[in-house]
Amino acid sequence: MRHFLSLKDFEKTEILEMITLAQQIKAETKAKNFKPYMDKQTLGMIFEKSSTRTRVSFETGIYQLGGVGLFLSSNDIQLGRGEPMKDTSRVISRMVDMVMIRTFEQSKLEEFAAYSKVPVINGLTDSYHPVQLMTDYLTIIEFGITNPVVAYVGDGNNMAHSWLMLSAKLGFELRVATPKGYECDKSIVKEALEFAKVSGAKISFSNDPQIAVKDCNVVTTDTWVSMGQEDEKEIRLKAFDGYIVDESLMSLAQKEAIFLHCLPAYRGYEVSEETFEKHAEAIFSEAENRLHAQKGIMVWLDQHRQD
Ligand code: CP
Ligand code: NVA
């Protein structure tokens, strides 16, 4: 049985199989041909952090696949009152067919998976947001970019780490620009660079957004204050001064470059209102693709239960 905890656990061919499934099921969904790939299956969805897209896309997605989603906020289940993760896992995974978790430490997700009888999907942790990256890659393909050169500008956070893993596994170029003191986690970088040796991915790091964006065809960023970092807000806003993605920065990229944002976006901070609205079609296609990419992931995991 396979879990979807980080892209580092998957081969390039497996990632591409999930993307192909997503494209196929998206086309069927658009034609109102809802095939019951996961008939009568239940997806448990545990949230220890807020969500708009992850909740709506997983709940709608499993329903369209013939199953049902159970929204389990940690405020409402005993996990929030201190029931251990491993007990929560041993209970829930005996009743449902698949579990998605949004939590804090990656180790909590791994603990749940270690005790689970069913596949577990990472719906965001402090370290990674892999379902978002599958979505972003699907969107890049749809926008006709066959040779991505991606600039990630901003915090060396869960999104940056996931971009590192996607680039390292698939072999495309990634340039990461972070302020000093907000670089990516060193052990994740080390691991990604090992994968990059195999895939041939060119990955570079700097503290200069202009160097990262020059002649690239995908520009992306994320909030400067992730969930759980609210107390650091003032200090972070100062540290990220100069890292806004605006039209002046975008002018350095290729003319046809797209701008992606996992959302929610904070205009005037990581992205200007003008740049955001100019790229709204790509950004909201990306948001919609959460629904489609995650169906590809769920169906693939369902098909690989015996592995
Ligand atoms: N991008 C993303 O994961 O959005 P939510 O936090 O709304 O789920
Ligand atoms: N880095 C952000 C992503 C939100 C989807 C966070 O963790 O809050």
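Computed from a predicted structure; not experimentally measured.

Caption draft 1: Inspection of the packing of aromatic side chains at higher detail. With the rule as written, the count across this model stands at ten aromatic pairs. When the ring of F4 is compared with that of F10, the centres are 5.2 Å apart and the planes differ by 40°; the resulting orientation is tilted. Taken together, the ring pairs in this structure connect Y182, W224, F240, Y243 and Y269 into an aromatic cluster. Stacked on the ring of F71, the Lys or Arg R55 has its end atom at 3.6 Å from the ring centre.

Caption draft 2: Quick look at the pairing of strand β2 (residues 68-73). Bridge analysis of strand β1 (residues 42-47) against β2 gives six bridges, and the strand direction is parallel. Paired with L43 across the bridge in β2 is G69.

Caption draft 3: Fine view of the site of ligand 2. As a matter of local geometry, ligand 2 sits amid L124, H129, N157, N158, D222, T223, S226, M227 and L263. Contacts to ligand 2 include N157, whose side-chain N or O atom sits 3.4 Å from a nitrogen atom. Within the contact set of ligand 2, an oxygen atom lies 2.8 Å away from a backbone nitrogen or oxygen of M227. For ligand 2, the protein covers 94% of the area, taking 270 Å² as the surface of the free molecule. Structurally, ligand 2 is housed in the largest pocket. In terms of residue class, the shell around ligand 2 is made up of three nonpolar, five polar and one charged.

Caption draft 4: Looking closely at the environment of E173. Within the element layout of this structure, E173 appears in strand β6 (residues 173-177). Look at E173 and you get buried, because its relative accessible area is 18%. Apart from the residues lying within four places of it in its own chain, the contact partners of E173 are P148, V149, V150 and K202. Of the polar contacts made by the side chain of E173, one reaches the side chain of R175; its length is 2.8 Å.

Caption draft 5: Region of interest: the side chain of E247. By secondary structure assignment, the location of E247 is in helix α10 (residues 247-250). On the basis of relative accessible area, E247 is assigned to the buried category, the value being 19%. Look past the residues within four positions of E247 in its chain and what remains in contact with it is S272, E274, T275 and K278.

Caption draft 6: Fine view of the nonpolar core. F4, I121, M134, W163, L164, L166 and M298 are the most contacted members of the largest nonpolar core, which totals 58 residues. Looking at this core element by element, the count peaks at eight residues for helix α6 (residues 158-170). Contacts of L166, omitting those with residues within four sequence positions, involve L7, I15, L133, Y137, G171 and F172. Residues V213, V245, A257 and A265 belong to the second largest nonpolar core, which totals 25 residues.

Conventions we followed
Residues numbered from 1 in each chain as written. Chains lettered and ligands numbered in written order. Predicted model: local features only at pLDDT ≥ 70, side-chain atom pairs only at ≥ 80, totals over all residues. Heavy atoms only, no water. Phe/Tyr/Trp six-rings, centres within 6.5 Å; stacked < 30°, edge-to-face > 60°. Lys NZ or Arg CZ within 6 Å of the ring centre and 35° of its normal. Pairing = 2+ DSSP bridges. Helix = DSSP H or I, 4+ residues; strand = E, 2+ residues; numbered from the N terminus. Near = heavy atom within 4 Å. Polar contact = N/O pair within 3.5 Å; in protein donor to acceptor, adjacent residues only side chain to side chain. Areas by Shrake-Rupley, 256 points an atom, 1.4 Å probe, with all protein chains shown as cover. 1 Å grid on protein atoms, 1.4 Å probe; cavity = no way out; pocket = protein on both sides within 12 Å on 5 of 7 lines; lining within 4 Å. Sits in = over half its atoms within 2 Å of the grid points. Nonpolar A, V, L, I, M, F, W, Y, C, P; charged D, E, K, R; others polar. Buried < 20%, exposed > 50% of the residue type's maximum accessible area, 1.4 Å probe, protein only. Contact = heavy atoms within 4.5 Å. Core = buried A, V, L, I, M, F, W, Y, C linked by side-chain atoms within 4.5 Å.

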